[in-house]
Structures are given as C-alpha cells and as structure tokens.
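Spelled out from the first residue to the last, the chains are:
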Amino acid sequence: MSRWKVLPGELDPRVRQLVVRLRRLKDHSGLSLRQLAAKTGYSTSSWERYLGGRSLPPREAVEAMARIGGDDPTRLLALHEVAAEAWGEGRAGTSTPGSPGSPEASEVTGSTGLTGSAHTVEVAGALRAGGADDTGPYNLSAPNEETRHGRSLRVALVAGSVAVVLAVSSAVLLAVRLSDGDSRASATPLGSATSSVSPSPSPSGPRTYACEVERIEGRWYAGNSRTQDAVLAEGLAGPEVAEAQCLLRRAGFAPGVVDGIFGPHTKSAVEQLQKRAGLVVDGIIGRHTWGALRR
C-alpha cells in the first residue's frame, strides 16, 4: 500500500473525504501514478496534485477512477459534487485551480450546468440515493444572503432587458407604420415625378371637377393640371385624371363623369383617342397621349 503524505490541514473536510476515497481506490487498483495516467488520460503530475489535495480533480477523472477501482460512480460523483462546491467556496475571489472561472472549475460545473441552489439540490438528492445522511458531513446549507441577492439582481436585469426590447420593438413598429404611410402619401404613379395622382378617391366621396377648357400657346388646358407627361392608368385618381377627362370630352370621346377617377369609361375613351391618333392602344396616358389631348 502507498505511503501517502498528510493532506493539508486547511483542506475542507468535504474535499478531504473525496481525496481519501480516491487514494483508497488507487491503492486497491495496484496501479502506479504513471499507469493511472496512461489509463485515464490525465498526466502523472495532475494525479499527484489531485491525490495530494492541492487541486480538485475534474469530474471525468473521478469517473475514470471509479471505473478502474470498481466503485459505484454515482456515489463517488456525488462526493465530487459536494467537494466541488466546498472547493469553490474556499477559493472564492482567487484564480487558483478549482475556483470559479478556472478551467478545472469549468470541468466540474460544466458537466451538470447547475450552480447555486439548483446545484445543491441535485447533489443532496444523489447523496440520499447513495445512502448518505443529510445530517452528516455532507449536510448542505441553504443559500446564504449573498446568493439570494445575486439571484434577485439577475431577475431584475432580465426584467429590465425585456422591457427595453419591448420598448425598442414598439418604437420600430411605429416608425415603420409612419414611414409606410408617408411613402404611400408621397408616391407617384408608375415612377412619374410630376404626378400627384392618388390611388383612390378621398374618403369624403367622389368629387367633381370643372372643365374650363382654353387654348394657351397652341395647347389645350382644362384648368385642373398643366402636366405634359404624368403617367395615368386605370385605378388612379386626382386632378391629372380630371384634366385628361375634360380634354377627352373636348376631343369628342365620352369619359363619363369628370370625377378625377380613372375608371373603365375613361380607359375606353383613351383607347379611342389613341386609335384615332395612331398611337399604341393600351388605355394608358403617357407623354404621347398627352400630346394628342393638348393639340
């Protein structure tokens, strides 16, 4: 049997019990430290630190030792969980191996993903399943005031983050709606920069336009718009449409009521005008159709 060095006096009793158990398993296996390193994948110097109480072994190393020594891994891993919590408490605020934030601490806590009270409950359940007495050396205390304060702080931060996200989302949605409304109000039909035609009549109902047709500098105007190139098509509405309706009526084609709405009657009148003028008959008023209307 190996002659073990005395464990450090300041070692927590919970960590001490784990190390003593690992030493017994190592003696039972009859393996040297070099052979143990070969079987587990952890170096000889690592096992010297683990079995000397200078470093907390990772969960995988403890599980490997249980397999080699023929021990129940569940019980041994429960001891490791308790020791890991004690080790973390003893190394709080330092960067030594096994302290929070160190690689070995990540190996210890990363396998369960549990910290704080949830971690304590799971370890206590494992100990009770293995026959340990909650009143013995494995008795786990309730979360202290600092733990409760940290939990409350995390809840407050999460709630604040959710409130900020909701506020930003509402602001973005409002901005999108406003910009969408502005774009619809300022959009010109078919990309024309000179037209102010709206896609539908006003909510107050169809309006009528006066046709005050007069000839100015060789062109006909009806007093509703002086555009020469606004692109108008069925479904649009506005003073440009009323201007075209007045000029269609002057040219002898019936567009229906001069209401500024480009409907089927207006389209039919436009097609008749285009046919007589030798233009492409498509029922759409463009630069060439305006030229025929104003001549």
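Residues numbered from 1 in each chain as written. Predicted model: local features only at pLDDT ≥ 70, side-chain atom pairs only at ≥ 80, totals over all residues. Heavy atoms only, no water.

A. Here's a closer look at the overall build of the protein chain. Regarding its fold elements, the protein chain presents 11 helices and two strands. Listed N to C, the secondary structure of the protein chain is α-α-α-α-α-α-α-α-β-β-α-α-α in terms of helices and strands. Split into buried and exposed, the 295 residues of the protein chain put 36% on the buried side. For the protein chain, the exposed area adds up to about 16,800 Å²; of that, 56% sits on carbon and sulfur atoms. (Helix = DSSP H or I, 4+ residues; strand = E, 2+ residues; numbered from the N terminus. Buried < 20%, exposed > 50% of the residue type's maximum accessible area, 1.4 Å probe, protein only. Areas by Shrake-Rupley, 256 points an atom, 1.4 Å probe, with all protein chains shown as cover.)

B. Spatial organisation of the state of the cysteines. The final tally for this structure, using the stated rule, is one disulfide. Covalently, cysteine 211 is tied to cysteine 246 through a disulfide, its sulfur atoms 1.9 Å apart. Handedness here is read from the sign of the S-S torsion; for cysteine 211 and cysteine 246, about -75°, the answer is left-handed. Of the two residues, cysteine 211 sits in the loop between helix H8 (145–186) and strand E1 (214–216) while cysteine 246 sits in helix H9 (residues 239–250), which places them 35 residues apart along the sequence. For cysteine 211, a relative accessible area of 32% gives the class partly exposed. (Disulfide = S-S within 2.5 Å.)

C. Spotlight on the pattern of salt bridges. A full pass over the atoms with the stated rule returns seven salt bridges. Between arginine 21 and aspartate 71 there is a salt bridge, with the nearest N and O atoms lying 2.9 Å from each other. In this pair, arginine 21 sits in helix H1 (residues 13–29) while aspartate 71 sits in the loop between helix H4 (59–69) and helix H5 (73–90), placing the two residues 50 residues apart along the sequence. Accessibility expressed as a relative area gives 29% for arginine 21, which makes it partly exposed. (Salt bridge = Lys/Arg side-chain N within 4 Å of Asp/Glu carboxyl O.)

D. Seen up close, the packing of H1 against H4. With their axes 9 Å apart at the nearest point, H1 and H4 run at an angle of 40° to one another. The angle between H1 and H4 falls in the class oblique. You can see that H1 and H4 cross each other, and the crossing is left-handed. Along the contact surface, H1 presents Leu22, Leu25, Lys26, His28 and Ser29, while H4 presents Met65, Ala66, Ile68 and Gly69. A class-by-class count of the residues in the contact of H1 with H4 yields five nonpolar, three polar and one charged. (Axes fitted to C-alpha atoms, helices over the stretch in contact; angles between N-to-C directions. Parallel < 35°, antiparallel > 145°, perpendicular 65-115°, else oblique. Left-handed = near helix turned anticlockwise from the far one by under 90°. Contact = heavy atoms within 4.5 Å. Nonpolar A, V, L, I, M, F, W, Y, C, P; charged D, E, K, R; others polar.)

E. Region of the structure containing the side chain of arginine 14. Following the sequence through the fold, arginine 14 ends up in helix H1. What makes arginine 14 buried here is its relative accessible area of 16%. Side-chain polar atoms of arginine 14 contact the side chain of glutamate 89, separated by 3.3 Å. (Polar contact = N/O pair within 3.5 Å; in protein donor to acceptor, adjacent residues only side chain to side chain.)

F. Here's a closer look at unusual backbone geometry. A positive phi angle is found at glutamate 217, which is not glycine, with a value near 50°. Here glutamate 217 lies in the loop between E1 and strand E2 (219–221). Residue glutamate 217 is classed as exposed on the basis of its relative accessible area of 80%.

G. Summary view of H5. An ideal rise of 1.5 Å per residue puts 26 Å on 18 residues; H5 measures up with 25 Å between its terminal C-alpha atoms. Measuring from the side-chain oxygen of the N-cap residue of H5 to the backbone nitrogen of threonine 74 gives 3.2 Å; that N-cap residue is aspartate 72. (Expected span 1.5 Å × (residues − 1).)

H. Quick look at the side chain of threonine 266. By the element assignment, threonine 266 lies in helix H10 (residues 264–277). Residue threonine 266 is classed as buried on the basis of its relative accessible area of 2%.

I. Local environment of the confidence of the model for the protein chain. Across the protein chain, the average pLDDT comes to 76, with 65% of residues at or above 70. Counted against residues more than four places away or in other chains, residues 182–200, with its pLDDT under 50, gives 31 contacts. (pLDDT = per-residue confidence, 0-100.)

J. Structural detail: the packing of aromatic side chains. Tallied over the full model, the rule gives two aromatic pairs. Pairing tyrosine 42 with tyrosine 50 gives two aromatic rings, centres 6.4 Å apart and planes at 70°, and the pair type is edge-to-face. On the numbers, 5.4 Å between centres and 85° between planes, the contact of tryptophan 47 with tyrosine 50 is edge-to-face. Here tryptophan 47 and its partner tyrosine 50 are both found in helix H3 (residues 44–51), three residues apart, which amounts to about one turn of the helix. Ring-pair connections join several aromatic residues into one group, and the members of that group are Tyr42, Trp47 and Tyr50. Across the ring face of tyrosine 221, the terminal group of arginine 226 is positioned such that the distance to the ring centre comes to 4.3 Å. (Phe/Tyr/Trp six-rings, centres within 6.5 Å; stacked < 30°, edge-to-face > 60°. Lys NZ or Arg CZ within 6 Å of the ring centre and 35° of its normal.)

K. Fine view of the nonpolar core. Core analysis: the biggest nonpolar cluster contains 26 residues, and Val15, Leu18, Leu22, Trp47, Leu56, Met65 and Leu76 have the highest contact counts within it. Of all the secondary structure elements, the ones that give two or more residues to this core are H1, helix H2 (33–40), H3, H4 and H5. Here this core takes seven residues from H5, the largest share from any one element. If we skip the residues at most four places from it in the chain, valine 15 touches Ala83, Ala86 and Trp87. Judged by nonpolar contacts, the second largest core, of 21 residues, contains Tyr209, Phe253, Leu273 and Trp290. (Core = buried A, V, L, I, M, F, W, Y, C linked by side-chain atoms within 4.5 Å.)

L. Structural detail: a nonpolar patch on the surface. A cluster of nonpolar side chains, Val158, Val162 and Leu166, forms an exposed patch at the surface whose accessible area comes to about 270 Å². Within the secondary structure, valine 158 is located in helix H8. (Patch = residues over 30% accessible without salt bridge, like charges linked within 9 Å, V, L, I, M, F, W, Y side chains within 5 Å.)

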